[in-house]
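Topology and contacts: notes
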Amino acid sequence: MKQKAGTSWFMLIVALLMLASCGTESDNLPEDPDTGGEIIEGEVTSTIEEMDNGNYRYTVKNDTQELVTFNFTSGQRYDFTLTDEQGIEVFRMSSVSMYTQALGEENLSPGEELQYDIQVPAANLEPGTYTLEVWMTSTEGTNYPAEIEHTIE
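Predicted model, so just to flag it, every value in this text is computed and none were measured.

Our focus in this paragraph is the overall build of the protein. Helices and strands together make up the secondary structure of the protein, namely 1 helix and 11 strands. Starting at the N terminus and walking to the C terminus, you meet the elements of the protein as α-β-β-β-β-β-β-β-β-β-β-β. Going through the 153 residues of the protein one by one, you find that 26% of them count as buried. Just so you have it, the protein exposes about 10,700 Å², and 50% of that area is on carbon and sulfur atoms.

Written out as structure tokens, the structure reads:
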């Protein structure tokens, strides 16, 4: 009987110690060697850069400390438009493209990035300066738009 009571007390103490240790996770982030201080949690960012004439790279980077998941209802991951100097949309990629009809997802771990190479078609547009805007086509959350000037000579 004494042994049973001793075991019960021991189990109770172990359970209390386990409960006491819950929620004591440290808020300290790893140090950034470049600044010598803490890494300040960032955000998910998007950029677009011209690679060569008519070819661009759209990048979405996860500068947070958490996994970011993008859910899609088709094989389309991004879309883009060209807008003329008057602000009129003259081309939309999804209007001339077909995509698989399948659910999909992209996971972006902390520090990782998604990159998509984009080739802007000639599309019989007049010479001039256009705004190329690109964005993610995920079903929820921010679509992370980015834009750049696109010139047709």
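Attention now goes to the side chain of Thr-64. Here Thr-64 is to be found in the loop between β4 (55-62) and β5 (68-72). Among the residues examined, Thr-64 registers a relative accessible area of 13% and is labelled buried. A polar contact of 2.5 Å, which involves the side chain of Thr-64, links it to the side chain of Asn-62.

Our next topic: the packing of aromatic side chains. The tally for this structure, following the rule as stated, stands at 4 aromatic pairs. Both rings, one in Tyr-78 and one in Tyr-116, keep their centres 5.2 Å apart while their planes meet at 45°; by these two values the pair is tilted. Highlighted residues: Tyr-78 in strand β6 (residues 78-83) and Tyr-116 in strand β9 (residues 113-119), separated in sequence by 38 residues. Between Phe-80 and Phe-91, the ring centres sit 6.0 Å apart and the planes meet at 40°, which makes this aromatic pair tilted.

Before going further, it helps to examine the pairing of β6. Sheet faces and side chains relate simply in a regular strand, where the side chains alternate between the two faces. With 5 of 6 residues buried, β6 lies mostly within the body of the structure. Of the pairings in the sheet, the one linking β6 to strand β10 (residues 128-136) comprises 6 bridges and is antiparallel in character. When the sheet's bridge partners are listed, Tyr-78 is paired in β10 with Met-136. In terms of strand pairing, β6 meets strand β7 (residues 89-92) through 3 bridges, oriented antiparallel. Bridged to Leu-82 within β7 is Phe-91.

Here Gly-141 shows up in the loop between β10 and β11 (146-152). For Gly-141, a relative accessible area of 70% puts it in the exposed group. Sequence separation of Gly-141 and Thr-69 is 72 residues, and the distance between their C-alpha atoms is 9.8 Å.

Cut-off values and rules
- The residue numbering used here restarts from 1 in each chain and proceeds along that chain's sequence as written.
- Restriction of local features to residues with pLDDT of at least 70 applies here, the model being predicted, together with a cutoff of 80 or more for giving and counting side-chain atom pairs; totals for whole chains, interfaces and linings are based on all residues.
- Side-chain measures here rest on the full set of heavy atoms in the structure, leaving out hydrogens and waters.
- Helix and strand definitions follow DSSP, with helices as H or I runs of at least four residues and strands as E runs of at least two, each counted in order from the N terminus.
- Here the term buried applies to any residue with accessible area under 20% of the maximum for its type, exposed to any over 50%, and partly exposed to those in between, with areas from a 1.4 Å probe on protein chains only.
- The accessible surface values rely on the Shrake-Rupley method and a 1.4 Å probe; as for residues, cover is taken only from the protein chains in view.
- Polar contact is defined as a pair of N or O atoms within 3.5 Å, subject to the rule that within protein one atom must be able to donate a hydrogen and the other to accept it, and that residues adjacent in sequence are counted only when both atoms are side-chain atoms.
- Aromatic contacts are taken between Phe, Tyr and Trp rings whose centres are within 6.5 Å, Trp giving its six-membered ring; a plane angle under 30 degrees counts as stacked, one over 60 as edge-to-face, and the others as tilted.
- One requirement defines pairing of two strands: DSSP has to find at least two bridges between them.

By themselves these figures say nothing about function.
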